[in-house]
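In case you want the letters, here they are:
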Amino acid sequence: MEFPAVLFPSYFSAGPPREEGGPGPAAGWGEYGQVLEAGPRRRQAETTFVPRRGGTGESWEPADAAVVPFLPPNASCWIPSLVPQDILYHGVLRRKLQAGKSGAALDFTKQLGHFFVDHPEDAFGSLGQLLHKNFYLGNSKLRRQARDNTIRMTALMEEIGRLEARRGCPRQHLAPRLRWFSHLCRDWLFEVPLGLLADCVHEELLLQWAGLLFDDSSTGGALAWLPPKDVGARMGRLAYPGGQAMNHLYFQDVVLEELPRARGSPAQFELNGRIRQVAAARADGEDFVGVRSDYHCGVWRVPGRTGAAPTPLQVIRTSVPASCLTVSPHLPGELSVCTQSGTVYLWSVERGLQRLRHDPQTMFFRDHSPWRWSDFTAHPRVLSCADRTGLQCLDARAPEKCHFDLFKVGEEAGCQQGERVVLPMYLGRAHPSQHLVTTQFSVYVLDERLPLVPVLKWAHMMKAPPLFAHLTPGGPERSHKVLLGTSHTQELLLLQYQVLNDQFLACPSTGGSQSACQLAGPPQKLHSIAGCLQHLPVQLPHCHRMLQQRLGTPAAGLAAALQEDGPRESLLVFQLSEAGDIFCQRLTHEAAQPPALTSGDEAIPQPSPAVPSPAAALRYRRWLKALSEGCGEPPRHAYPATLSQKRLFTRKELATPVGPSTLHGQLRQQLQQTMREGGCIQRWDPLASQPCTPPQPLELAGDPDPLSVRLTAAWSGDWGQWWEERTSFNMAQRQRALRERRRRQKRARGRRSLSASFTSSLTYQSELSELSDMAPTSLSPGPPAVLPREGSPPAGVPPASPLPDEALLSSQSLRCRGIPKERRKTLRDYLAVWADDPPEPLELPSSQASQLCIPSSQSQLSSASQPRRKRPRMGF
Amino acid sequence: SSHEHKLNFKKSKEVCLNYIQDAMLQKQWKRAAEFLTFYIESLEKDFSTAYMGPSEMIWRIGTEILCHHSHSSMKQFNSFIEQMKTLGVKRYLKVCLEHAFHLLCNGLIDEAYQNLSLAESWRFGEQTTIQDKEMKLIQAYRGLLDYYSWSKQKNILLEHGQNGFEDLSVEQEMHSCFRKAAVNLKEIIKIPGVWDLFVKCYVDLLEFYGDHNEACQVLNEYAYNSKFPANPNAHVYLYQFLKRHGESKKSLISALKILHDIVPSHELMIDFNTMLQKSKKRKKRQLGLEVIFAALDYAGWKENVKAWSCLARQVKQIVISEKHLDWIKQEWNSRKDWWPAFHFSRYLAKRNWQENESLSYEKALVAGILLGKDGKYFKYVSHQGCKAQVKRFRILKKFVNKHNPAYLRISG
């Protein structure tokens, strides 16, 4: 390829960039840049000029209203990615914090709070164990003798509760009691010293925030299109990651049609880490696919013939995360790898790794980013190396000596202050010596033969830095199409540039002159993944929100396939999201348009259709269905267990008794009356008038079995005491007790089990109050006093927050419903899970028997809300 | 409150701008134009004292819309730009320059010239460095247009000269054009930059008036001043100039040698190679081999028949004379680990044979000598060639078989 005979004029000066403040919001519009005489040979006629920017481009119109799902949703329990709201202050506090300084305020206390609440054992384990006897959480007054070594925490807890309720109130003051308490125990209460923990949390938050602002790990994109071997064939391949952790590599045969279609099932490989980048190039008639995860890079060979399986060739492991992997378009089985330690390797499948450079410092000026990139150039032995400050080319045969600067963030390229290289790409398929460099502000096209001076520059005006790029070369006299994609904002931009030959000649030495590089036509925005939401069928609000989140996940890759069908060409653009979903859209081009001198292709701008085609609509429906089947269900463990009542009871058991009880009837009557009057029921009067029959105590015949005692002790944290108790028994006593127990066990085998230890979770509030009341010296071998017995609270302690379920759970009420004994326990356990929260009046179930099981609508409601956090045993 | 009002105002401006951008990026120029009128309206009510960034935005967006809008005319465009020129003092020169570009691209060269002259006379206080640069560009482009009218008059004069009568007024005008053009062009090419267009024109002027020394100096300065970027064209122009003026082989070779050092893949390397091959000096012939090997290292030359035939010819010569086989050996040493896969794979043999027979012939000759008669490329091509009963392939096969010892010496 010959060098352009005349280049566009430009100034050249060296040094750091002078322009400040970044480009304006519309910096890419309305500029020709420079002009050049069009045909140097045609002196006689009137001279014509061509602009550097603003020429005519080809018209590519979107064929559909929005992107269309290409494959079924990635089947995985998808975890929504971090959003700024998770780690930033919001509300009044944010405004207060931001009043003084600019920038984001990390909600560091919230994260610490989450840690204390979610991992109380790790946060307060040992001191919690030591102190829990000295903290009293009940409502009653402390007894005189207990007051010496026990304090009542209830008031403090209430204070904390109130603080929570007043969150966001500008007049909030720290309660003196809380201040006093935190002052008192800040230094010793925490398992990990608070300062150290805070440092670590803060550091992690900063990291996460930096990742949110700009995450470069997916630079290059994890989607690759392997075009068909013969031009015009309709079958290509798509290489992409998938699976729950995005650690499966798929090679899917794709038939290019109106809407591309997957053929057969994909070849699949399970890898050792999350796939960050998939790069592909064709050398010697075969496709080579490089796959980068953080610590491993692998290379696959994909034979050209259809149906042939891809073969893995080699894997390397790095001790520092790799930041780049590119595949050589010149030599089969050659790749280049960069790691975050600043090392660049030439990786040959046959000859192994060759280190070309090791420099933790950046090249042209100091920048903190460890990101490095490398790509191939027109010379198969010369590689380009990039960091945030620029690009250099090195000769692999003598990397120390032979190198030159290709691009510098500086005045040479007319950069802005603060501008940084985001993604370099070798444009070899369009022109053997051209490279694309994107920064957060602009795109540059560089020619190796004229280093440092960009042959093309344009401010792209994208909201986020473009991390993905794809080149679709155009033939002679055609424009090359470059697609730029961003990650978080999912933007997708189509640019066209051209290198027009005045006389297209195959042989360079005969003097055919080639014109300089021009940007052709206005840039064009393509559909983003999130844009298809409005074309999907209407959803329930919480499903809609979930879908919105799913479709709004950052993009993770970009690929395009050119489909030629006579005069009609179409460009299929594939997009991968971080959730592993692949979408596609089609752009069509009618080649028969004669190029006008001034851009005339806007004459009839065919607006993209407003509604999706029936085929697209069908795909939406299928995709939604697969999504709701495969991974639409929220993960179970995050929510209170919801069991179908059908599994607990047979139908017969569930059938309402023939004659409703009198209580039942009364309640119904009252409900109806109140409804008629339009009043509200504040209190179930019948309960007062006709007190609920005291639940019959469980048939606890004698001592519980030792395992239950031990577990109960362990549950309540008294395990040490239990052990002492056991060892301090005298031998005879123990033997006697043992024998007696055995006899009892024989008698009552299968009748009792661990129910006691489980029910204790139901009533830990009262249990704690009992604990604090109990003298630590009481070492009776009998049934431990901590074991709560339903319906009969220990004397002297008023029933602490009587749980509403107790009435329901009483054996009597269960028995009267014909529920067998062994199932009662299951039911109790089941309800115990629900009783963890302090009952709200709304949820307070009446003793009405039909409400025994939680109505399904309630489980629906709670599944839409935030997953409930674990409550700490000690609430501070 | 007023603060809140300001905030809301700012926000709605931003939203409006987003709408405009969105419409433009989807080529909905009419929609964008409507939004732009709202945006301008909103600015009229903007009493903020902040720096007028929006004026530049309106200029840029408006220009872009008018360039693509189906109902816009040149008249409308001109009146819009005239308004824009008065709107922002800081960008006045830039707007003028871009306006001139627009006129030039639409073939309105005289209007563009007027515009540039007008802009040149503009003065406003102290000039910033950017304005200074823009002013220089304006002058340079005016000089360029002067050059074009000079060249037009020159052509007229030459025609008249052929017809045998003189036209004094045309000649005078031509000279005045020359003076105006020369002054401005000379000015800009002193500043570091890429000025291919201006340098070419200036040299053309100088050459016409016989000032070869000045022209040579300008070209040398353009090529060798270290403050200028390493522009291959600068060396090409110098080489072409030297060639035009019949300079010695030696100076031509030294000019091309420098071009070879900075761009080994330049298309002139073929000329350079032929020039060197003809030389009597051994060193130069060796350099010629080096040059052609280096050019063929590049992906862009992979299928260049001319380059391959140059290499084939020289390699053949060396093998027949059996002298200087070490030259080939030296070049081959640094390439033998990757050229076979890069140039001489079986896949390429097949493709070259199918697509370009003469390319495959030249390459097969080189492959046969460098990789021996058992090399994949040579084997495939010679086999196919013999099968198709092409005479030169049979001769080729004989030649390679006969000179197989040369291969052994090169590879050994």
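In the block above lies the structure referred to throughout.
Calculation rules
Residues numbered from 1 in each chain as written. Chains lettered and ligands numbered in written order. Predicted model: local features only at pLDDT ≥ 70, side-chain atom pairs only at ≥ 80, totals over all residues. Heavy atoms only, no water. Helix = DSSP H or I, 4+ residues; strand = E, 2+ residues; numbered from the N terminus. Buried < 20%, exposed > 50% of the residue type's maximum accessible area, 1.4 Å probe, protein only. Areas by Shrake-Rupley, 256 points an atom, 1.4 Å probe, with all protein chains shown as cover. Contact = heavy atoms within 4.5 Å. Buried area = accessible area lost by both parts, 1.4 Å probe. Salt bridge = Lys/Arg side-chain N within 4 Å of Asp/Glu carboxyl O. Nonpolar A, V, L, I, M, F, W, Y, C, P; charged D, E, K, R; others polar. Pairing = 2+ DSSP bridges. Phe/Tyr/Trp six-rings, centres within 6.5 Å; stacked < 30°, edge-to-face > 60°. Lys NZ or Arg CZ within 6 Å of the ring centre and 35° of its normal. Axes fitted to C-alpha atoms, helices over the stretch in contact; angles between N-to-C directions.

### Observations concerning the overall build of chain A
And then number 1: Per the secondary structure count, chain A includes 22 helices and 36 strands.
And then number 2: Per-residue burial over chain A gives 48% buried out of 876 residues.
And then number 3: When the accessible surface of chain A is totalled, it reaches about 43,900 Å², and 55% of it is carbon and sulfur.

### Some details on the interface of chain A and chain B
And then number 1: Listed by partner, the interface residues are 70 residues for chain A and 77 residues for chain B.
And then number 2: Counting the surface lost from both chain A and chain B, the interface buries some 6,300 Å², and carbon and sulfur atoms represent 59% of this.
And then number 3: If you look at where chain A meets chain B, you find four salt bridges.
And then number 4: Residues Asp-22 of chain B and Lys-525 of chain A are paired through a salt bridge, measuring 2.3 Å at the closest nitrogen-oxygen approach.
And then number 5: Listing elements by their share of the side of chain A that touches chain B, those giving two or more residues are strand 1 (10–11), strand 2 (35–37), strand 3 (49–51) and strand 33 (524–525) of chain A.
And then number 6: Taken together, the residues that form the side of chain A that touches chain B break down as 37 nonpolar, 15 polar and 18 charged.
And then number 7: Summarising the sheet, strand 1 of chain A and strand 1 (residues 193–194) of chain B pair through two bridges and their orientation is antiparallel. Within the sheet, the bridge partner assigned to Tyr-11 of chain A lies in strand 1 of chain B and is Gly-193 of chain B.

### Looking at the packing of aromatic side chains
And then number 1: Scanning all chains against the criterion turns up 39 aromatic pairs over all chains.
And then number 2: On the basis of an interplanar angle of 85° and a centroid distance of 5.5 Å, the ring pair of Tyr-141 of chain B and Phe-198 of chain B is categorised as edge-to-face. Here Tyr-141 of chain B, found in helix 7 (residues 129–163), pairs with Phe-198 of chain B, found in helix 9 (residues 196–208); they are 57 residues apart in sequence, far enough to count as distant.
And then number 3: Residue classification places Tyr-141 of chain B among the buried positions, given a relative accessible area of 1%.
And then number 4: Centroid distance Phe-344 of chain B to Tyr-377 of chain B: 5.7 Å. Interplanar angle 70°. Geometry classified as edge-to-face. Linking Phe-344 of chain B in the loop between helix 17 (339–342) and helix 18 (346–355) with Tyr-377 of chain B in helix 20 (residues 376–387), this pair joins segments that are 33 residues apart in sequence.
And then number 5: Taken together, the aromatic side chains of Phe-293, Trp-308, Trp-332, Trp-338, Trp-339, Phe-342, Phe-344 and Tyr-377 of chain B make up a single cluster linked through ring pairs.
And then number 6: The lysine or arginine in question, Arg-388 of chain A, covers the ring of Trp-371 of chain A, its NZ or CZ lying 4.1 Å from the ring centre.
And then number 7: Over the ring of Phe-399 of chain B we find Lys-316 of chain B; its NZ or CZ atom is 5.7 Å from the centre of that ring.

### Describing unusual backbone geometry
All names here are of chain B.
And then number 1: Positive phi, close to 60°, is recorded for Lys-27, a residue that is not glycine.
And then number 2: In this fold, Lys-27 is placed in the loop between helix 1 (2–25) and helix 2 (29–44).
And then number 3: Phi angles above zero are rare outside glycine, and Glu-322 is one such case at about 55°.
And then number 4: Relative to the elements of secondary structure, Glu-322 occurs in the loop between helix 15 (305–321) and helix 16 (325–333).
And then number 5: Given the relative accessible area of 52%, Glu-322 is considered exposed.

### Brief notes about the sheet that holds strand 12 (residues 261–270) of chain A
All names here are of chain A.
And then number 1: Strand order in the open sheet formed by four strands is 9-10-11-12, with antiparallel pairing between adjacent strands. Pairing within the sheet leaves two strands with one partner each, and these edge strands are strand 9 (224–226) and strand 12. Averaged over all adjacent pairs, the angle separating strand axes in this sheet is 25°, with direction ignored.
And then number 2: Strand direction decides the pairing type here: strand 10 (residues 235–242) and strand 11 (residues 248–255), joined by eight bridges, are antiparallel. Looking across to strand 11, one finds that Met-235 is bridged to Val-255.

So far we have only geometry, and geometry alone does not tell us how the molecule works.
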